[in-house]
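One-letter residues, chain by chain:
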Amino acid sequence: MKRCTKCGIEKVAGEFNKKKSGKDGLRSYCKGCEKLYKEANKERYREQRKRYREANKERCRDYYEANKEQILERQKLYKEANKERYREYQKLYREANKEQLSEQRKLHYEANKEQILEYQKLHREANKERYREYNKLHHAKDSRRRDERYIAARIKNGYTREEAVILRGIYKSTKRGEQNRDTCDQLFMAGLL
Ligand SMILES: [Zn+2]
């Protein structure tokens with residue numbers, strides 16, 4: 001038995017965390033008190049861990065490499081148990097680091113372009129059905145957006161909206177491989193092409 005120096009209650013050894021340098025090998029606060037203390041000093045602990053990691057980069061890396069599987073497994077379990085919190089946290093993080101993340105993605109893409117393209121290709125091939133569903137769902141919206149972009153560009157070049165819409169129609173059917181000689185001739189005569 002050992003008396004906790006915080007709450008003053010006498011408890012069995014199992015109620016105390018271990019401490020190598022302690023004279024009885026145990027911490028002086030019981031587990032419950034330690035938890036409360038840590039909770040109350042969260043920020044400080046986080047700072048402390050951060051400083052430690054920065055000062056012991058190599059040691060941390062070695063530790064990580066040697067315990068990778070357990071660490072990843074533990075993270076996975078923790079994430080699953082705290083899904084909502086993670087999602088909220090990720091959202092906040094992304095918002096707070098928007099520009100930095102975008103820059104990082106760009107650099108990463110440039111540096112790994114070939115692998116990324118190859119991976120995307122494999123992914124598309126392996127998930128054909130899903131891609132098809134997705135495209136079907138989003139095609140209409142994207143298509144409208146592209147139409148508007150095209151039309152806006154033509155209007156900027158001096159066409160009226162009506163003319164721009166006709167030009168868009170021609171452009172699309174030409175892309176589909178349809179013959180539009182008549183329409184094209186008409187437009188040419190009208191001075192639109
Ligand atoms: Zn205690």
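Rules used throughout
In every chain, residue numbers begin from 1 and rise along the written sequence. Only residues with pLDDT of at least 70 get local features here, since the model is predicted, and only at 80 or more are side-chain atom pairs given and counted; chain-wide, interface and lining totals rely on the full set of residues. Put simply, DSSP H or I for four residues or longer makes a helix, DSSP E for two residues or longer makes a strand, and each gets a number counted from the N terminus. Note that the radius of gyration is over C-alpha atoms, with the globule rule given as 2.2 Å times the number of residues to the power 0.38. Every C-beta atom is placed from the backbone, and the number of other C-beta atoms within 10 Å of a residue's own sets its class: buried at 20 or more, exposed at 12 or fewer, partly exposed in between. Here the contact rule is simple: place C-beta atoms from the backbone, and any two residues whose C-beta atoms are within 7 Å are in contact. A helix's residues, less one, multiplied by 1.5 Å, set its expected span. Every residue carries a pLDDT, the predictor's confidence in it, which falls somewhere between 0 and 100.

A. Structural view of the overall build of the protein chain. For the protein chain, the helix and strand inventory stands at 8 helices and 2 strands. Taken from the N to the C terminus, the helices and strands of the protein chain come in the order β-β-α-α-α-α-α-α-α-α. A compact globule built from 193 residues should have a C-alpha radius of gyration of about 16 Å, whereas the protein chain, at 32 Å, is more than 25% larger. With the C-alpha coordinates aligned to their principal axes, the bounding extent of the protein chain is approximately 100 × 35 × 30 Å. A burial count over the protein chain gives 3% of its 193 residues as buried. In the protein chain, 13% of the contacts between residues at least 6 apart in sequence involve partners at least 24 apart.

B. Looking closely at helix α2 (residues 42-55). Between its first and last C-alpha, α2 extends 20 Å over 14 residues, near the 20 Å set by a 1.5 Å rise per residue. Little of α2 is tucked away, with 0 of its 14 residues classed as buried.

C. Examining the confidence of the model for the protein chain more closely. On average, residues of the protein chain score 87 in pLDDT, and 90% of them reach the 70 mark or higher. Averaged pLDDT values for the elements of the protein chain fall to 60 in helix α8 (residues 181-189) and rise to 95 in strand β2 (residues 10-11).

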